[in-house]
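Here's the letter readout for the chains.
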Amino acid sequence: VLFRSLARTLAATLAVVAVLTCVVGYRTAAATAATSKAPIVVNAQKYGAKGDGRYTDSQAMQRAIDAVAARPGSTVYLPKGTYYCPKAIRLHSHVNLRGAGMSASWLEGHLDFASHSTVSRLKIGAARVSAVANLKGATHTTFTRVRFRGGGGNGNNCAVLMLGSSSGSRSL
């Protein structure tokens, strides 16, 4: 009887140890994944962007971009909608911006881009505002399947695309 009691206690103890090992192992793996620098894809709407064309999405868009800046190669995804951004959005180096399609996702505002990024599958720009401009020293940024809208305003800052340094910029 004593032997059976000890055997049951030992079996129960081993079961508890096994469960705790799994839980601790899971939490350790989850913590490792959370602190990893691997690229991720985030949805701008998870950071408060509405995409309804009326709500100002500038701060939410910038929060989403800033959130992935420490993970080179990460992407901020804009689902179908019009993201009204009266304040310029700054795309950090090695951060990508992707929409649901040129006719589906519209960043209605201005985008300043840095180096080694890809902007794809969206429309960028607004009337009387340049659509995009590169930040000082920006290189190796690719625009794929992007429709640009803008320009038409007065002055040098209203071309659709502003490329180059401030002293030697090219307007398109």
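Look up: the structure comes first, before these words.
Residues numbered from 1 in each chain as written. Predicted model: local features only at pLDDT ≥ 70, side-chain atom pairs only at ≥ 80, totals over all residues. Heavy atoms only, no water.

## Digging into the environment of Ala44
Note on placement: Ala44 falls in the loop between strand 1 (41-43) and strand 2 (52-56). Overall, Ala44 belongs to the buried group, its relative accessible area being 0%. Spatially, the C-alpha atoms of Ala44 and Ile65 are 8.2 Å apart, while their sequence positions differ by 21 residues. (Helix = DSSP H or I, 4+ residues; strand = E, 2+ residues; numbered from the N terminus. Buried < 20%, exposed > 50% of the residue type's maximum accessible area, 1.4 Å probe, protein only.)

## A look at the side chain of His92
Its place among the elements puts His92 in the loop between strand 4 (81-91) and strand 5 (96-99). With sequence-adjacent residues up to four places away left out, His92 is seen in contact with Gln62, Ile65, Asp66, Ala69, Ala114 and Ser117. (Contact = heavy atoms within 4.5 Å.)

## A look at the nonpolar core
Counting 25 residues, the largest nonpolar core has Met61, Val76, Leu91, Leu97, Leu111, Val119 and Ile124 as its most contacted members. Elements supplying a minimum of two residues to this core: helix 2 (58-68), strand 3 (75-78), strand 4, strand 6 (105-113) and strand 7 (118-125). With 5 residues, helix 2 is the largest single contributor of residues to this core. Setting aside residues up to four positions removed in sequence, Leu97 forms contacts with Met61, Val76, Leu78, Leu91, Leu107, Leu111, Thr118, Val119, Ser120 and Leu122. (Core = buried A, V, L, I, M, F, W, Y, C linked by side-chain atoms within 4.5 Å.)

These results come straight from atomic positions and should not be treated as a statement about function.
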